[in-house]
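Examination of the molecular architecture
Here is what each chain is made of, one letter per residue.
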Amino acid sequence: MARPKKEKELVRENRITIRLSDIEYELVCKQAERSGLSVSEFVRKAISHENIQITHVIQAEFPDVTEQMKAICSELHSVGSNLNQIAKYFNMGGLRSKAMQDEICNCFNTIMKIQKDTERIANDVNGNIKASIKQKR
């Protein structure tokens, strides 16, 4: 099936060719990527003075936090696998048993523990950031 034709007003037939240095081209490409736009759309918005939202990612390194987050991700993967097996069992017509109900409760308890651990880690990181800002002053 063929692609539907665009409306006459939406068709872009005109082309502008410019030459950029490697640095200029890389800068435009990175800004387009950060804004979530294609290079063409980014340039169109830039020349028409439209507001372009560029997102900057700030990363801080906390090695102990990274290890804790890896452990949490591993735990979440295990819980997800267990829940998936339980769902498959019930979808295949499995009967609800005391053992199955205990496993479901165990999964929810693990999820609650993971939530508390994540909140604790986030508070620790937030505290570390605030402390480092105070030390710089």
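Each remark here, short or long, concerns the structure printed above.
Residues numbered from 1 in each chain as written. Predicted model: local features only at pLDDT ≥ 70, side-chain atom pairs only at ≥ 80, totals over all residues. Heavy atoms only, no water.

Each pocket or cavity is described by its volume, and for the largest pocket that value is around 670 Å³. Together, 16 residues line the largest pocket, and Arg15, Ile16, Ser40, Val43 and Arg44 are the ones closest to its centre. Contributing elements (two or more residues each) for the lining of the largest pocket: α1 (22-35) and α2 (39-47). The biggest single contributor to the lining of the largest pocket is α2, with five residues. When the residues that make up the lining of the largest pocket are grouped by side-chain class, the tally is nine nonpolar, three polar and four charged. (1 Å grid on protein atoms, 1.4 Å probe; cavity = no way out; pocket = protein on both sides within 12 Å on 5 of 7 lines; lining within 4 Å. Points joined across faces, edges and corners; volume = space filled by probe spheres on them. Helix = DSSP H or I, 4+ residues; strand = E, 2+ residues; numbered from the N terminus. Nonpolar A, V, L, I, M, F, W, Y, C, P; charged D, E, K, R; others polar.)

All right, on to the pattern of salt bridges then. Going through the model one piece at a time under the given rule, you end up with five salt bridges. With its nearest N and O atoms 3.0 Å apart, the salt bridge here joins Lys113 to Asp117. You can see Lys113 and its partner Asp117 sitting in helix α4 (residues 98-136), four residues apart, about one turn around the helix. Residue classification places Lys113 among the partly exposed positions, given a relative accessible area of 44%. Judged by its relative accessible area of 19%, Asp117 falls in the buried class. (Salt bridge = Lys/Arg side-chain N within 4 Å of Asp/Glu carboxyl O. Buried < 20%, exposed > 50% of the residue type's maximum accessible area, 1.4 Å probe, protein only.)

Working note: a packed helix pair is described by the angle between its axes plus the distance between those axes. Where α1 contacts α2, the axes come no closer than 9 Å and their chain directions differ by 95°. Considering their axes alone, α1 and α2 lie roughly perpendicular with respect to each other. Seen from α1, the contacting residues are Val28, Cys29, Gln31, Ala32 and Ser35; seen from α2, they are Val39, Phe42 and Val43. The residue inventory of the contact of α1 with α2, partitioned by class, reads six nonpolar, two polar and no charged. (Axes fitted to C-alpha atoms, helices over the stretch in contact; angles between N-to-C directions. Parallel < 35°, antiparallel > 145°, perpendicular 65-115°, else oblique. Contact = heavy atoms within 4.5 Å.)

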